[in-house]
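Structural characterization, general
Listed below are the residues making up each chain.
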Amino acid sequence: MQTCRNLDINPQEYLEDVLRRIMSHPAKQIDELLPDHWLASRKKNAASQTVKQDGLG
């Protein structure tokens, strides 16, 4: 939880997302669910959604 707070991640949002995905997530890619990687992925996905909504993607 402290890592989430340090990264300005809502701990509840993070845990809900990770717990939903963990059973189907490949074991070799489990590091993607760590808070810092999770945040980077969310930011990347948000940016790509913005581009798609602007009609540029």
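Here the structure is a predicted model, which is why all the values come from computation and not from measurement.

Cut-off values and rules
Residues numbered from 1 in each chain as written. Predicted model: local features only at pLDDT ≥ 70, side-chain atom pairs only at ≥ 80, totals over all residues. Heavy atoms only, no water. Core = buried A, V, L, I, M, F, W, Y, C linked by side-chain atoms within 4.5 Å. Buried < 20%, exposed > 50% of the residue type's maximum accessible area, 1.4 Å probe, protein only. Helix = DSSP H or I, 4+ residues; strand = E, 2+ residues; numbered from the N terminus. Contact = heavy atoms within 4.5 Å. Salt bridge = Lys/Arg side-chain N within 4 Å of Asp/Glu carboxyl O. Polar contact = N/O pair within 3.5 Å; in protein donor to acceptor, adjacent residues only side chain to side chain.

Membership of the largest hydrophobic core is limited to 7 residues, which are C4, I9, Y14, V18, L33, W38 and L39. When residues of this core are traced back to their parent elements, those giving at least two are helix 2 (11-21) and helix 3 (35-53). With sequence-adjacent residues up to four places away left out, W38 is seen in contact with I9, E13, Y14, D17, V18, R21, E32 and L33.

With that settled, consider the pattern of salt bridges. Scanning the model with the defined rule gives 3 salt bridges in all. When the shortest N-O distance is used, the salt bridge between D17 and R21 registers 2.8 Å. With D17 and R21 both in helix 2, this residue pair falls 4 residues apart, about one helical turn. Residue classification places D17 among the buried positions, given a relative accessible area of 9%. Residue classification places R21 among the partly exposed positions, given a relative accessible area of 30%. When salt bridges that share partners are traced, they join D17, R20 and R21 into one network.

Another point: the side chain of H25. The residue H25 is located in the loop between helix 2 and helix 3 in this model. Accessibility expressed as a relative area gives 15% for H25, which makes it buried. Reaching out from H25, the side chain makes a polar contact with the backbone oxygen of Q29 at a distance of 3.0 Å. In this view, H25 contacts I30, E32 and L33; residues no more than four positions away in its chain are not counted.

From the geometry alone we can't say anything about function, so treat these as descriptive.
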